[in-house]
Every structure is written in structure tokens, then in C-alpha cells.
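# An overview of the molecular structure
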Amino acid sequence: AMRRGTVFVALAAALALGASAAPAMAQHHQALDTYAYAAQAAKAEPTAQAAKAEKPEKPEPAAKASSGSKGKAAALAASKEAEVVVNEELDAVLLALSPTPAGFEPDPAHEKDLEHRKEMEEEEIEVVALKWTIVVGLVCLILTFLIAHYLESLHFDYLPEAGVAVLLGIAASAIFKMAHGGMMMADMRFDFEFFMIWLLPPIIFEAGYNMNRKAFFDNIFPTALFAFIGTVMSAFTVAGFMVYAGEAGISHPMGGLAALTFGSLISATDPVTVLAVFQALGVKVDLFSMVFGESVMNDAVAIVLSRTMLSFKYAEINAVNIALAGVLFLKIFIGSTLIGVLFGMLSSYVMKHAHMSHHEDALFKESVLVAAFAWASYYVAEAYELSGIVAILFCGIVMAKYTRDNLSEQAQTLTSRTFKVVALLSETFVFVYLGMAAFAFPIWDHIGWATVAVALFACFVGRTHIYLFSYITNFCFRSGPDPAMPPITTTYMHVMYFSGLRGGVAFAISAVGFQNMDFPENGDSMVVMQTTLVIALFTIFFMGGTITDLARYTGVLERDNPTIAPKHKTLVQDSMFGKIDKLTIRPFLTHHHKGVDAEVDFDYDSNDCRIAALTIQKSWRKKSSPASRKKVAPLLASKVKSTDVELGAPAASAAPAQLSTEDKVDQLRMQVPGASSDDLRKILATTGGDMAAALKIAKK
């Protein structure tokens, strides 16, 4: 009974739906009948005309027989043409949804509407395919972190996290290639604009914002030599090898301009790869600063050089054009640097006078403002056709030096960790994206392995500029009895040479060159793209997988051999820029007083941050008026142990029992700026806490 009731209910529902749809269906069938009648009438008319043409009305003489046959042929041709026209009209009639009153002619507006609907359906299908591609990418990200964590727990260092991401990207693209997923394969293609606008900026900014600024600027001279002159030398070295090997029949005969373009993009070490591997290893800060600084700045060199080489396709290669190319490069780099510095200083000035650090509810607003200023510098530089990478890098460095001091303690932690999370997400997706390109592009179609071998050998030869400029730096600036910075050791040279990994930036430039067919002659564009990706994969898996053992063997890991802090300069010994910074720029952009150097590199060291806070507060306590000190005394008492020792006063003026170890270290650092906190603690432990004896030893 229940089954029968269900059937009756279903029949009643079907009847109700049919009744509601009957008027519309009747109108639709009436329209089809009307059009069918019109079509039949249209077909009958040319048939009758043809029959009339075939049937002669009167017998014709023999002399007119030939003309009659011609008329018959003409009538048959006219009949066929009329039938074609009628078929087209009938197709239009059948596609119509309502009758057209104007003589049964198709409505152009309706046809346009049908085309628009078809386009919208195609776009919707493409959007759905893009969403599924994003889902696949996110799944690869999740699996990358899980598999890399598992391998790390097993202490398996031969497959870095970057390698796991690339392998998963390759697997995803291979599956969709076998499944004939054309639309998703198109979305997996490495897009230059997507990489440069959405993926690379957060990686570079986070590196500048959280980097060891002092180590970076202490090594700025060798870094600049590696990034600028070294990259140009490497580009010409690689180009020379490729042209010579091609002429000798060893590899693909690449044109001179294509070889120079390939040399310029493949000579740039990739910051994404270097950051991922070196940060995971935890190498020493001075080594990391040189390798990272070179990789970031020579990105601009690679992009500008490749752009410059392409400009010679339509211009003659002569001294004037080469000089103009050099001017263009300086314009891009200097202009981008100025934009980044300007936005960084502007953010510091705004945050200083906004006084958001005094309001706990403004924590997230502080973080949003930092991100807004940083990305504004990137897009302004790109809008002026400069390098957004350089702009956002120096904006991050300036923000770390000035803006961060105007943020609350919670905002400093939040911004640093948030940018770290976004950068980690972006750099991991870059490797997944790079792996997807393995089958999304025709990488393995007729690839020339001899060309890849020659190019790889040329890259190793071009990388030898590391040794040349390291020796020049040691000879010119780091020699003598008491240099400000220690010489670059041979071990550092070996590690820097081996850390020349390639990745997303080089392949992005080659991919956009292939899509634009910059060098269609002899298939040079495809050869450049194929060779670039294979070299990137080789450096990621082979060099990235073995660099852990190399770093451990050479002892360049921070946990195995901590970096010795370089000698700090007093205000009198400081350079001209240092004096201007401490006396003018820093007091103008932050709450620091003139001559106070409270800069502490942000290495998540709470003890160093505490020392910096003590330094600023004690300096303010000494230089401010008594009324101001009285006003904020309760605030200082809640954060710092109150002492009556004046900054810079002799150690004997205060009883040792009144000072904690950290306060003693703080006072000794004021007297001996070149000594590190750890060294001063050891000295205090040796002297039993005697400040006078510790000061004598520290000065020696």
C-alpha cells in the first residue's frame, strides 16, 4: 500500500509539472510547426521553379537544343543553391525559441544572445577548471609539508622540502596529461605575471623584514660584486660556451642574442631556492647574508639583462646602445631602491605619530599598515616599469630598521611571524608550480641532452667569479692587523659556489620568452626553456639535496659554530652615514634620542630584545627632564629593575649587590660596544661579578 501511495504521489507530481509546463510547450511546438511550414514552403518554391525550368512550354527547334541543355544545367545549379540556402534557414529556424514575425527571417539579436551564452558557458567551464587546479595545488602543498616533516623526523636530508614540492607538482601534471585534462594543464603552465605579482613579493619582503640587517650591510661590498659584475661575467661566459659548442656541432646551434639572453637568466641564483634550503639548515648569518643578498639583487640583474638583450632584436648592437642599456640598468636599480627606502621611511614616520603602540586594540591595524606600505612600494615600482623586487626588499630592510621600533611588542611579533607564514606558503607553492610546468610545457619533446650538459658545465665555470671577488674583497677591505670584518674564508667560498641554485625566477623568464616566441629561428626559445627547467631541477635535487652534508662537513651551521660578533663602532668611530643616522634620521623617524644606537637584529632572541629595551630606557632616563622621569616612573618600574646607576658612570659608583647580571652586562656594553653579551657574561663569571675587573678585561 505504501509503494502504491508513493507511485500515486509521484504520478500526481508529474501531472502537476506537466500541466504547469503545458502552455509553454504548446507555444514552443506551435512555433516549430510554423517554422516547419515556412521551411516546407520555402523548399517547395525552388523545386517548382526547377521543374518549370526543366519542362519546356513549346517544342524548340534543333538549333536551340544546345541552349536548352545550358538552361537545364543552370536550373539545376540554381536548385542546388536554393536548397543550400533553405537548409541554412531551416537550421536557424530550429534553433529559434519563439516565432519571428518579420517574414520568418532569423533574428540577429537572438543569434548574438546565443553566442553570448555560449561564451559564458565556456568561461564558466574554464573557471571551474581553474578552481580544480587550485585545489590540486593546495593538496600538493599539504602533502609537501607532511612528507617533508616525516622525512625530517627520519633525518633524511637528501630530499629537501623544495624537492618534495617539485616531485608532487610533476606527479600532478603527469596525471592530468595522461587524463587529457587540457584546460587544467593550461592553468598549470608557469605564468610569469602570476609569479612576479603574487608569489615572489611576500618572499622577498619577509626576507628583508626579518633578515640580519647588520650582517647584510657589513657584507654589502662583496654581495654587490657577486650580484652585479659577477652575474654579468657569468652571463657572457655561458653565452660564449653555448655559441662555441653550437658552432662545433656539440650542442644545439643557438644564436648569439638567444645565447646572451639564456646566459643572463640562468646566471641568476634563485632567492626562493636559497631561502628555502639555507633557512632550513640554519647556516651562519654572514654567509647567509652574502648568498641571499646576491640572489635577491641579481634577480634584478637577470630581468634587466634579459629585457636589454631583447631590445637588441630591433636595435643595432653598438657602443651607444650598450651605454644606454647600462644607463637603463642603473635607472631601474637606483629608482627601485629609492622607492623602497621612501616608503619604508614614510611608514616609520606615520607609525611614530599615529601612537598606535599605546593601544592594545590597534594591534592588527599596525600589522595591516606595515603590509600596505610594503606592497605599495612594490606596485609603485612596477607601475614606473622598475623592479618591484628591489623596491620591496629595501622597503623591508628600512621597516626593520626604523618602523619596527615604533610598533608595539605584540605587533612586532605578529608582523614577523605573519610574513613568515605567508612567505613559506608562497615559496612552497613556487616549487609545486615549477614541478607542474614539467608536463604543462613541451619540456621533454625532442630535448637536447648535449645542450643541457654544455649549459650546466658553462654555469659551473661562470660561477667561479665567487673566488675572484672574494679574494678581491679580502685584499682590499679585510686584510691588515685589525680589519673591521673577518676575511672570507676558503670554506665560505666553496659553500657560496655550491649554493648557486636555480629555480623559479630563471624559468619564469624563459617561459615568457617561449610563449612570446622571442627567438623563433631554429627553435631557440623552446631550447632555452627546456634547458632552464632541467638545470633548475638538477640544482634543486642534486645540489639542494647534498648541501646539508656539505654545510655540516665544512662547519658553517650556526648551531655548530656560532658567529663571532663583529666589532661595533662608537659614534666617534662611526662612518659618516652612521653619524647621520644616529644623530638625525633615527631620532626623526623613531622615539630614540640622538646618539643612541639601540639597533638589535631581530633573531627571535628575547635576551637581546631585553638589552635593547634597557638601553633605550636608561638613555632616556638620563637625558630627559626630572618632570618627565617622574611622570613615567611607574611605567618603567613595572618593566625594568630600577637602578640609580647613570649611563656611562664608573662601575664602582654602584654596589655590585644592587645590580643583576643582565644590568651589569648592559652597563659593560655601554663602555665596550664591540663586545657581545655572551662574552661579557663569561668575563663577569670569571671575575666573580667585579665590574671594574670585568671592564678592564673587556677593553683589552
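Attention in this report is confined to the structure presented alongside it. (Residues numbered from 1 in each chain as written. Predicted model: local features only at pLDDT ≥ 70, side-chain atom pairs only at ≥ 80, totals over all residues. Heavy atoms only, no water.)

### Comments concerning the nonpolar core
Formed by 133 residues in total, the largest nonpolar core has its most connected members in F190, F195, F262, F441, M496 and F507. Those residues in contact with F195, other than ones at most four positions away along the chain, are F190, L200, P201, V430, G504, V505 and A508. The next biggest cluster of nonpolar side chains, apart from the first, holds nine residues, and it includes V665, L680, A694 and A698. (Core = buried A, V, L, I, M, F, W, Y, C linked by side-chain atoms within 4.5 Å. Buried < 20%, exposed > 50% of the residue type's maximum accessible area, 1.4 Å probe, protein only. Contact = heavy atoms within 4.5 Å.)

### As for the packing of helix α17 (residues 465-477) against helix α18 (residues 490-498)
For any two helices packed against each other, one specifies the crossing angle of their axes together with the interaxial distance. Two elements in contact, α17 and α18, have axes whose closest approach is 10 Å; the angle formed by their N-to-C orientations is 145 degrees. When you trace α17 past α18, the crossing you get is right-handed. Contacts between α17 and α18 involve I466, Y467, S470, Y471 and N474 on the former and, on the latter, M493, H494, M496 and Y497. (Axes fitted to C-alpha atoms, helices over the stretch in contact; angles between N-to-C directions. Helix = DSSP H or I, 4+ residues; strand = E, 2+ residues; numbered from the N terminus. Left-handed = near helix turned anticlockwise from the far one by under 90°.)

### Here's the deal with helix α16 (residues 449-462)
Between the first and last C-alpha of α16 there are 20 Å, a value that for 14 residues agrees with the 20 Å anticipated at 1.5 Å per step. Here α16 has its buried residues at T451, V452, V454, A455, L456, A458, C459 and G462. For α16, the elements touching its buried residues are α8 (220-247), α9 (256-266), α17 and α20 (524-554). (Expected span 1.5 Å × (residues − 1).)

### Section: the packing of aromatic side chains
For any two aromatic rings, the description comes down to two numbers: the centre-to-centre distance and the angle of the planes. Inspection of every chain in the model, using the stated rule, returns 22 aromatic pairs. Ring geometry for F194 versus F429: centroids 6.4 Å apart, planes at 80 degrees, classification edge-to-face. Linking F194 in helix α6 (residues 192-210) with F429 in helix α15 (residues 409-440), this pair joins segments that are 235 residues apart in sequence. Put simply, the rings of F205, Y209, W375 and F419 pair up and form one aromatic cluster. One cation-aromatic arrangement involves K313 over F519; the distance from NZ or CZ to the ring centre is 5.7 Å. (Phe/Tyr/Trp six-rings, centres within 6.5 Å; stacked < 30°, edge-to-face > 60°. Lys NZ or Arg CZ within 6 Å of the ring centre and 35° of its normal.)

### Notes on a negative patch on the surface
On the surface, E111, E115, E119, E121, E122, E123, E124 and E126 cluster together to form a negatively charged patch. Summarising the element assignment, E124 is placed in helix α3 (residues 108-153). Judged by relative accessible area, which is 53%, E124 ranks as exposed. (Patch = residues over 30% accessible without salt bridge, like charges linked within 9 Å, V, L, I, M, F, W, Y side chains within 5 Å. Areas by Shrake-Rupley, 256 points an atom, 1.4 Å probe, with all protein chains shown as cover. Salt bridge = Lys/Arg side-chain N within 4 Å of Asp/Glu carboxyl O. Lys, Arg positive; Asp, Glu negative; His and termini not counted. Charge placed at Lys NZ, Arg CZ, Asp CG, Glu CD.)

### Details of empty space enclosed by the protein
According to the stated counting rule, one finds three cavities of 30 Å³ or more in the structure shown. Counted as a void, the largest cavity has a volume near 70 Å³. Taken together, L456, C459, F460, R463, Y497, G500, R502, I535, T539 and M543 make up the lining of the largest cavity. Among the secondary structure elements, those contributing two or more residues to the lining of the largest cavity are α16 and α20. Taken together, the residues of the lining of the largest cavity break down into six nonpolar, two polar and two charged. (1 Å grid on protein atoms, 1.4 Å probe; cavity = no way out; pocket = protein on both sides within 12 Å on 5 of 7 lines; lining within 4 Å. Points joined across faces, edges and corners; volume = space filled by probe spheres on them. Nonpolar A, V, L, I, M, F, W, Y, C, P; charged D, E, K, R; others polar.)

### A closer look at unusual backbone geometry
In the Ramachandran plot, H155 falls in the positive-phi region, its phi being about 60 degrees despite a non-glycine side chain. Looking at the element boundaries, H155 is found in the loop between α3 and α4 (161-178). You will see that E385, though not glycine, has its phi angle at about 60 degrees, which is positive. Topologically, E385 is positioned in the loop between α13 (363-383) and α14 (388-401). We classify E385 as exposed; its relative accessible area is 62%.

### Examining the pattern of salt bridges
Taken as a whole and judged by the stated rule, the model has two salt bridges. Note that R463 and E294 form a salt bridge whose closest N and O atoms lie 2.7 Å from each other. With R463 in the loop between α16 and α17 and E294 in helix α11 (residues 285-311), the pair connects residues that are 169 residues apart, well separated along the chain. Here R463 falls in the buried class, since its relative accessible area comes to 4%. E294 sits in the buried class, given a relative accessible area of 1%. Taking the shortest distance from any N to any O, the salt bridge between R586 and D405 comes out at 3.1 Å.

### Comments concerning α3
In a regular helix each residue adds 1.5 Å, so 46 residues correspond to 68 Å; α3 covers 68 Å between its end C-alpha atoms and thus fits that length. All of the buried residues along α3 are A129, T133, V136, G137, C140, L141, T144, A148 and L151. Those residues of α3 hidden inside the fold are in contact with α4, α5 (182-187) and α15.

### Brief notes about the packing of α11 against α14
Two elements in contact, α11 and α14, have axes separated by 9 Å at closest approach and are oriented at 150 degrees. Judged by the inter-axis angle, α11 sits roughly antiparallel to α14. In this structure, α11 contributes F292, V296, D299, A300 and I303 to the contact, and α14 contributes I389, V390 and L393. Looking at the contact of α11 with α14 residue by residue, the class counts come to seven nonpolar, no polar and one charged. (Parallel < 35°, antiparallel > 145°, perpendicular 65-115°, else oblique.)

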